[in-house]
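# Breakdown of the fold
This is what each chain is made of:
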Amino acid sequence: MPAVAGVVLGTGAVLLEPVGRVLVGGAALLLLGMALRLAVLRPRLATVPDGIVVRTLTGRLELPWRALRVQVRETRRRGLRSRLLELDTAAGSDDAGQLVLLASWELGADPADVADALEGWRRAGGTRP
């Protein structure tokens, strides 16, 4: 979806005056960059027997089942509700651990459904139930 919006904005930028062309063209480039990032990082989240692997722009981040907490964060701001999948490996206040927040557009599914599936895989010993 971001790619389509980026192409439409980029095409429309040609018809605008110079200032509008810069603003709309910049927005088009940001959307196209976002679409490229989404395409490169697919699949963003994968399960392995030892835990979860999260793909990032700099490589892969492995989160072991034994230290992993999975939660769904729901926030409301200005009448809008957003849900995030939170993957945390911190053992306590003195342990920084790893924190990964993933939105539904990164997961391709509702974060609550993904959290339920991850808990099912954890109970099944790291394999699909």
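Residues take numbers from 1 onward in each chain, read along the sequence in its written order. With the structure being a predicted model, the display of local features is reserved for residues of pLDDT at least 70 and the display and counting of side-chain atom pairs for 80 or more, all residues being used for whole-chain, interface and lining totals. The basis for the side-chain values is all heavy atoms of the structure; hydrogens and waters are excluded.

With that out of the way, let us pick up the overall build of the protein. Every helix listed is a DSSP run of H or I at least four residues long, and every strand listed is a run of E at least two residues long, numbered separately from the N terminus. Each helix and strand counted, the protein has four helices and six strands in total. Counting from the amino terminus, helix and strand elements in the protein follow one another as α-α-β-β-β-β-β-β-α-α. For 129 residues, the compact-globule estimate of 2.2 N^0.38 gives 14 Å, and the C-alpha radius of gyration of the protein, at 19 Å, exceeds that figure by more than 25%. Its C-alpha atoms put the protein at 60 × 30 × 30 Å along the principal axes. Looking at the protein as a whole, 29% of its 129 residues are labelled buried. Residues count as neighbours in contact if any of their non-hydrogen atoms are within 4.5 Å of one another. Sequence-distant contacts in the protein: of pairs separated by 6 or more residues, those separated by 24 or more amount to 38%. The globule rule used for comparison is 2.2 Å times the number of residues to the exponent 0.38, while the radius of gyration itself is calculated over C-alpha atoms. Relative accessible area decides the class of each residue, using a 1.4 Å probe on protein chains only: under 20% of the type maximum gives buried, over 50% gives exposed, and in between gives partly exposed.

For the rest of this paragraph, the subject is the environment of P2. Among the secondary structure elements, P2 is positioned in helix α1 (residues 2-13). For P2, a relative accessible area of 17% puts it in the buried group. Taking the C-alpha atoms as reference, P2 lies 25 Å from L61; in sequence the two are 59 residues apart. For P2, the contacting residues outside a window of four places in its chain are L31, M34, A35 and L38.

On the surface, V7, L29 and L32 cluster together to form a nonpolar patch covering roughly 280 Å² of accessible area. Relative to the elements of secondary structure, L29 occurs in helix α2 (residues 18-40). A patch consists of residues exposed above 30% relative accessible area that lack any salt bridge, with like charges linked at up to 9 Å and nonpolar side chains (Val, Leu, Ile, Met, Phe, Trp, Tyr) linked at up to 5 Å. Accessibility throughout is a Shrake-Rupley quantity obtained with a 1.4 Å probe, and a residue counts as covered only by protein chains that appear here. Counted as salt bridges are all cases of a side-chain nitrogen of Lys or Arg within 4 Å of a carboxyl oxygen of Asp or Glu.

On to the sheet that holds strand β1 (residues 45-48), then. The antiparallel open sheet is built from three strands, whose spatial order is β1-β2-β3. Of all strands in the sheet, those with a lone pairing partner are β1 and β3 (59-64), marking the two edges. Averaged over all adjacent pairs, the angle separating strand axes in this sheet is 25°, with direction ignored. Only when DSSP finds a minimum of two bridges between them are two strands counted as paired. Axis angles are defined between N-to-C directions and span 0 to 180 degrees, where every axis is a line fitted to C-alpha atoms and, for a helix, only to the segment in contact.

On to the nonpolar core, then. By convention a nonpolar core is built from buried Ala, Val, Leu, Ile, Met, Phe, Trp, Tyr and Cys residues, the set being connected through side-chain atoms within 4.5 Å. Core analysis: the biggest nonpolar cluster contains 16 residues, and L45, I52, L85, L87 and L118 have the highest contact counts within it. If you tally residues by element for this core, the top one is helix α4 (residues 111-123), at four residues. Apart from residues lying up to four places away in sequence, L85 is in contact with L45, V70, Q71, V100, L101, L102, L107, P111, V114, A115 and L118.

Take the pairing of β1 next. Pairing of β1 with strand β2 (residues 51-56), which is carried by four bridges, proceeds in the antiparallel orientation. Directly across from L45, in β2, lies its bridge partner V54. The turn linking β1 back onto β2 is made up of two residues.

A few words on unusual backbone geometry. If a residue is not glycine, its phi is most likely negative; likewise, a peptide bond is most likely trans. Its identity as a non-glycine residue notwithstanding, R78 has a phi of 55°, on the positive side. Structurally, R78 is set in the loop between β4 (69-77) and β5 (80-88).

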